[in-house]
Amino acid sequence: MSLRSPKYLLALVFSLFIVSFSNVSVAQSGDQNDHEVRKTRNAAEQKEKKLKPGDILMEHIMDAHEFHFLNFGTHHVSLPLPVILYSPQKGFSAFMSSKFEHGEKTYKGYRLIDEHYLEKLRDEGVDIKKAGLSTGKIIAVNDNDAYEPATKIYDLSMTRNVVQMLVALALLVWLLLSSAKKYQRNGPNKSPSGMQNAIESVITFIRDEVAKPNLGHHYEKYMPYILTVFFFILINNIFGLLPGSANVTGNIAFTLVLALVSFVVILFSTNKHFWSHIFWPPVPHGIKFILIPVEFLGIFTKPFALMIRLFANMVAGHMVITCLIMLIFIFGSMTPFAGYGFSPVSLGFTIFIYMIEILVAFIQAFIFANLTAVFIGQAFEGEHHDGNDHIEDPVII
Amino acid sequence: MDLLNPGFGLLIWTLLAFLIVFFILKKFAWKPILSSLKQREEGIADAIASAEKIKIEMAQLKNENESLLAKAREERSAMLKEAKDASDKMIAEAKEKARLEYDKILADAQAAIHQQKNAAITEVKNEVGRLVIDVAEKVLRKELNNKNEQEKYIQELAGGVKLN
């Protein structure tokens, strides 16, 4: 780790020493290429009061209607994305998010909430929490740019998470189809090569370590689903690690869908034994009254745990990395020297966490696939006791 | 909290994307890949099994060959022994036959000698008898002429008679 090096230790001590002397703004802080850096600097340049680490953090983790890279003064460098809205009153409308000019303008009676508008709403006495409003959301406004709570909006926009997911999936499909074509072209008896080789080892791993031990002789039926889940999560995890990319797998909507699909697959795999175990567990009658609700809840907690686990793991990783980078600017807002001084330490930690995140990207995809297989296995367990080692209590990470 | 609030749009898009990707991959990727992997593994298993089988067959064949060889060796020695026995027997028979022939020839020869000897003796006897008769005749003739001379003559004759 970075602290092992005496140079970094020195830098840390030095920067802490400087911190105690100063409180200059972040405006002159470093010229690093990271977009976080520019964003924070621009935030300072725009004289928007103070550095708000919490807001920046959320901006990085949450979904948005554009790929925002950096600001030059008041000029935003970003990739606009299509906005697709449906409201029962106004019908469908689709346009590019650039029409909003980052929340400065209304378009077709819609407005993208930015900080100023949120402030304005707050001043007008709108209960922001209750209405579920926050920056980055699209609301309906009337001609006077006033909030219309009565107009219900379904936001089906291609947000940055959606776009990134589609790009990742296009790559995934291309990779898998091209290697599938290789199998068809070369026949089964030619040894795999290139990407096909990498994919094949993963597929055989999933088959032999995930599907076969948990699903027994039913494994072939579930292989396509488990493989798709694994690769779906993996490719999005990896894409989420690219600098400046969206945090797709760390979004609760994404994990919710995967958990929902798992839930449906688990329910369709259940047998009589499974349900009898839930509604009439083989325990003394007195305990049945306690156990039946617990077992019944278990049906829902399993996919719920799948959802939260992936979401929390990915969001935590992104948060830690963003926080570590932001530490530079928090120190920098005290004094630029502290910012420079702390940057090697911060960078060292960031690289370390980044490495872990790469590992986590694979591990979480594996865990989701594995636990799905375990839960499916439990759903039709007891049908045959044929010596397959079913894992009774999966380790919940 | 906003972080735990699933966005409706992303939810729909993710669901759509997952289902589409799932069906595309299921049909065009997993099916050929998994079946190829299965075929390959079955092929390898078959190859190993048949190699094992061939190995066993080879071992069996080798055993058979060895037993055949041993048997052939045995047979050869048996044949050699038989031939030797046969030749020994033939030699022994020949010897016996030769001996019998020799005995027979000897016996024949002895018989012939004996016969000839008998014939010769008989002839000698006959000659002696004739001579005796001759002598007796002559003696008798002389005796009638002169007594002295008779005796002298007898002696002379007697002296002249030489047996053998």
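Residues numbered from 1 in each chain as written. Chains lettered and ligands numbered in written order. Predicted model: local features only at pLDDT ≥ 70, side-chain atom pairs only at ≥ 80, totals over all residues.

Caption draft 1: Local environment of the nonpolar core. Counting 69 residues, the largest nonpolar core has I226, F230 and F368 of chain A as its most contacted members. When contributions to this core are tallied by element, the ones reaching two or more residues are helix 6 (160-186), helix 7 (195-215), helix 8 (219-241), helix 9 (252-269), helix 11 (285-334) and helix 12 (336-379) of chain A together with helix 1 (8-143) of chain B. Ignoring anything within four residues of it in the chain, the contact list for F368 of chain A reads V229, I233, L258, L306 and L310 of chain A. With 13 residues, the next largest nonpolar core counts I321, L324, I325 and A338 of chain A among its residues. (Core = buried A, V, L, I, M, F, W, Y, C linked by C-beta atoms within 7 Å. Buried ≥ 20, exposed ≤ 12 C-beta atoms within 10 Å, placed from the backbone. Helix = DSSP H or I, 4+ residues; strand = E, 2+ residues; numbered from the N terminus. Contact = placed C-beta atoms within 7 Å.)

Caption draft 2: Structural view of the pairing of strand 2 (residues 75-80) of chain A. Residues and elements named next belong to chain A. Bridge analysis of strand 1 (residues 66-72) against strand 2 gives 6 bridges, and the strand direction is antiparallel. Counted as the bridge partner of F67 is L79 from strand 2. Between strand 1 and strand 2, which pair antiparallel and follow one another directly, the connecting turn spans 2 residues, one of which, G73, has a positive phi of 60 degrees. (Pairing = 2+ DSSP bridges.)

Caption draft 3: Just the domain arrangement of chain A, in detail. All names here are of chain A. Split by domain assignment, chain A resolves into domain 1 (1-77 + 159-397) and domain 2 (82-155). Listed by partner, the interface residues are 5 residues for domain 1 and 5 residues for domain 2. Counted by class, the side of domain 1 that touches domain 2 contains 2 nonpolar, 2 polar and 1 charged residues. (Domains from an automatic or database assignment. Nonpolar A, V, L, I, M, F, W, Y, C, P; charged D, E, K, R; others polar.)

Caption draft 4: Examining the environment of S97 of chain A more closely. Residue and element names in this part refer to chain A. Positionally, S97 belongs in the loop between strand 4 (91-96) and strand 5 (106-107). On the basis of neighbour count, S97 is assigned to the buried category, with 25 C-beta atoms found within 10 Å. When the C-alpha atoms of S97 and H65 are compared, they prove to be 6.3 Å apart, with 32 residues separating the residues in sequence. For S97, the residues in contact, after removing those within four places along its chain, are H65, E66, P80, L81 and V83.

Caption draft 5: Representation of the sheet that holds strand 4 of chain A within the structure. Residues and elements named next belong to chain A. An order of 4-3-8 is seen for the 3 strands of this open sheet, with the pairing classed as antiparallel. Edge positions in the sheet fall to strand 4 and strand 8 (154-155), since each has one partner strand and no second. Pairing between strand 3 (residues 82-87) and strand 8: 2 bridges, direction antiparallel. Within strand 8, the residue paired with Y86 across the bridge is Y154.

Caption draft 6: Quick look at the interface of chain A and chain B. Across the contact, 37 residues belong to chain A and 32 residues belong to chain B. Every element with two or more residues in the side of chain A that touches chain B is listed here: strand 8, helix 6, helix 7, helix 8 and helix 9 of chain A. A total of 11 residues in the side of chain A that touches chain B trace back to one element, the largest contributor, which is helix 6 of chain A. Split into classes, the residues belonging to the side of chain A that touches chain B amount to 25 nonpolar, 10 polar and 2 charged.

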